[in-house]
Amino acid sequence: MLPEYMIYDELERMRREREQELEREQPRLEVPRYTPWAEEELTEESESEEGSERGVIIIQM
């Protein structure tokens, strides 16, 4: 009879292989990270509008 740790290790290895196989099959969409605007890029118009920041981020697809 095999020791329990050997059985556990083999089951864990098989589970990792299945997960890797599923990851390869599923397509991924890379989402670009949000980068805040630099201070010099702000215009006077956007600086004068207080409370205009609504938390909306446009993601280019």
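Within every chain, residues take consecutive numbers counted from 1 along the sequence as written. Two thresholds apply to this predicted model, a pLDDT of at least 70 for residue-level local features and 80 or more for giving and counting side-chain atom pairs, whereas whole-chain, interface and lining totals are computed over all residues. Side-chain metrics in this entry use all non-hydrogen atoms of the structure; hydrogen atoms and water are not considered.

Peer 1: Honestly, the overall build of the protein in this entry has me stumped. Any pointers?
Peer 2: Regarding its fold elements, the protein presents 2 helices and 0 strands. Only protein chains enter the area calculation, which uses a 1.4 Å probe; residues under 20% of their type maximum are buried, those over 50% are exposed, and those in between are partly exposed. Taken across its 61 residues, the protein has 0% of its residues classed as buried. Values of accessible area rely on a 1.4 Å probe in the Shrake-Rupley scheme; residue burial ignores everything except the protein chains shown. Working note: accessible area of the protein is about 7000 Å², and carbon and sulfur atoms make up 52% of it. Secondary structure elements follow DSSP: runs of H or I of four or more residues count as helices, runs of E of two or more count as strands, with numbering from the N terminus.

Peer 1: Teacher, can you tell me more about a nonpolar patch on the surface here?
Peer 2: A surface patch of nonpolar side chains, amounting to about 610 Å² of accessible area, comprises L2, Y5, M6, I7, L11 and M14. Relative to the helices and strands, L11 is located in helix α1 (residues 4–25). Patches were defined on residues exceeding 30% relative accessible area and lacking a salt bridge, with like-charge contacts within 9 Å and nonpolar side-chain contacts (Val, Leu, Ile, Met, Phe, Trp, Tyr) within 5 Å. Here, a salt bridge means any side-chain nitrogen of Lys or Arg that lies within 4 Å of a carboxyl oxygen of Asp or Glu.

Peer 1: How should I be thinking about the pattern of salt bridges in this particular structure?
Peer 2: The tally for this structure, following the rule as stated, stands at 5 salt bridges. Counted as one network, the salt bridges with shared partners bring together E12, R15, R16 and E19.

Peer 1: Just to check I follow, could you spell out the environment of R15 for this structure?
Peer 2: Residue placement: R15 occurs in helix α1. R15 sits in the partly exposed class, given a relative accessible area of 32%. In the analysis that follows, any N or O atom pair within 3.5 Å is treated as a polar contact, provided that within protein one partner can donate a hydrogen and the other can accept it, and provided that, for residues neighboring in sequence, both atoms belong to side chains. Polar side-chain contacts of R15 include one of 2.5 Å to the side chain of E19.

Geometry only, nothing functional implied.
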